[in-house]
Amino acid sequence: IADAHGNVVHLGERECSIQRRNQKVLEESPSPGIAAATRHALVDGAVALARHVGYQGAGTVEFLVGDDGTPTFLEVNTRLQVEHPVTEAVTGLDLVELQLRIAGGEPLPFSQDDIHLRGHAIEVRLVAEDPAAGWIPTGGTVRRFAVGDGVRIDAGVRDGSTVSADYDSLLAKVIAHGSSRAEAIARLHRALRRTQVAGVPGNLDAMVAVLEEPDFVAGLTTTAYLDDHPQVAAAT
């Protein structure tokens, strides 16, 4: 995030490897799968890029990380992303407010040394889609939508909402924060097990299955994760 006064800071990194149809479906911060040297290379590179182009506002610099830990630049998303709540959870910052203040010409109210990342956060996207049919979008009328407690919920639907083909089929984001990754997984798993989504086919069961799957629990996730673990798409 960068202001108009030359201040640029990073807010840590996010792990977004679990994807279907080249779109993210689970994100977390920090990444469980990279070494400290790779982490430093990512955040230092992102800050250097932002300074070089005179960037202002919030944004995400995306990298692909190889098996040997070498990062390769992919792209810059010059906006907040769907998974920004996990960064808010570990930093304690309101990124929407900061972006608006920067747009109004205000300087960042902190330096890099003031930012402390605390704990671990995980977000899953609850989507009206059919995992067993290649994760294709679905639609219909949401008869029941209720998420378990103890988590943050950013929802776009409620009981009676219509999910049509005219809009993205994302129903909600569910975000859990804990002092450790294991605690965040457990908190999110408990909430999703108590979640009810009826009326439209969705990925709720698949996301619960991911949180229970041993490779995910061990932090062994790649962009091929869902292809390599077809059993999660078949979960009911």
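These lines cover the structure that appears in this document, whether it is placed above or below. (Residues numbered from 1 in each chain as written. Predicted model: local features only at pLDDT ≥ 70, side-chain atom pairs only at ≥ 80, totals over all residues. Heavy atoms only, no water.)

### Describing the sheet that holds strand S6 (residues 120-127)
The strand order across the open sheet formed by four strands is S3-S6-S13-S11, and the pairing between neighbours is antiparallel. Among the strands making up the open sheet, the edge pair consists of strand S3 (26-29) and strand S11 (152-155). On average, adjacent strands in this sheet sit at an angle of 15° to one another, irrespective of strand direction. In the sheet, S3 pairs with S6 via four bridges, with the strands oriented antiparallel. Counted as the bridge partner of Leu 26 is Val 124 from S6. Along the sheet, helix H4 (residues 181-193) contacts S3, S6 and strand S13 (170-178); its crossing angle with S13, the most-contacted strand, is approximately 140°. (Pairing = 2+ DSSP bridges. Helix = DSSP H or I, 4+ residues; strand = E, 2+ residues; numbered from the N terminus. Axes fitted to C-alpha atoms, helices over the stretch in contact; angles between N-to-C directions. Contact = heavy atoms within 4.5 Å.)

### Quick look at the nonpolar core
As a rule of thumb, nonpolar side chains are buried together in soluble globular proteins. Grouped together as the largest cluster of nonpolar side chains are 36 residues, with contacts concentrated most on Leu 192, Val 210 and Phe 216. Looking at this core, the elements that each hand over two or more residues are S6, S13, H4, helix H5 (204-212), helix H7 (225-228) and helix H8 (230-233). Counting residues per element, this core draws most heavily on H5, at seven residues. Dropping the residues within four chain positions of it, Phe 216 is found in contact with Ile 18, Leu 26, Glu 28, Ile 122, Arg 181, Ile 185, Val 210, Leu 211, Thr 221 and Tyr 225. (Core = buried A, V, L, I, M, F, W, Y, C linked by side-chain atoms within 4.5 Å. Buried < 20%, exposed > 50% of the residue type's maximum accessible area, 1.4 Å probe, protein only.)

### Looking at the packing of aromatic side chains
Tallying each qualifying case throughout the model produces one aromatic pair. Consider the rings of Phe 63 and Phe 73, whose centres lie 6.2 Å apart with planes at 75°: the pair is edge-to-face. In this pair, Phe 63 sits in strand S4 (residues 60-65) while Phe 73 sits in strand S5 (residues 71-77), placing the two residues 10 residues apart along the sequence. In this structure Phe 73 comes out as partly exposed when scored by relative accessible area, which is 44%. (Phe/Tyr/Trp six-rings, centres within 6.5 Å; stacked < 30°, edge-to-face > 60°.)

### Looking at the environment of Thr 87
As for its position among the elements, Thr 87 is in helix H2 (residues 84-91). Assessed through its relative accessible area of 4%, Thr 87 is described here as buried. As a C-alpha pair, Thr 87 and Ala 121 span 34 residues in sequence and 7.7 Å in three-dimensional space. Leave out the neighbours within four places in its chain, and Thr 87 touches Leu 11, Arg 14, Gly 92 and Leu 95. A polar contact is formed between the side chain of Thr 87 and the side chain of Arg 14, at a distance of 2.8 Å. (Polar contact = N/O pair within 3.5 Å; in protein donor to acceptor, adjacent residues only side chain to side chain.)

### What about unusual backbone geometry?
Note that the residue after Ser 29, namely Pro 30, is joined by a cis bond; omega there is -5°. With respect to the helices, strands and loops of the structure, Pro 30 is situated in the loop between S3 and helix H1 (36-53). The phi angle at Arg 21 is positive, at roughly 55°, despite the residue not being glycine. Structurally, the position occupied by Arg 21 is in the loop between strand S1 (19-20) and strand S2 (23-24). Positive phi is not limited to glycine here, since Asn 22 has a value of about 60°. With respect to the helices and strands, Asn 22 occurs in the loop between S1 and S2.

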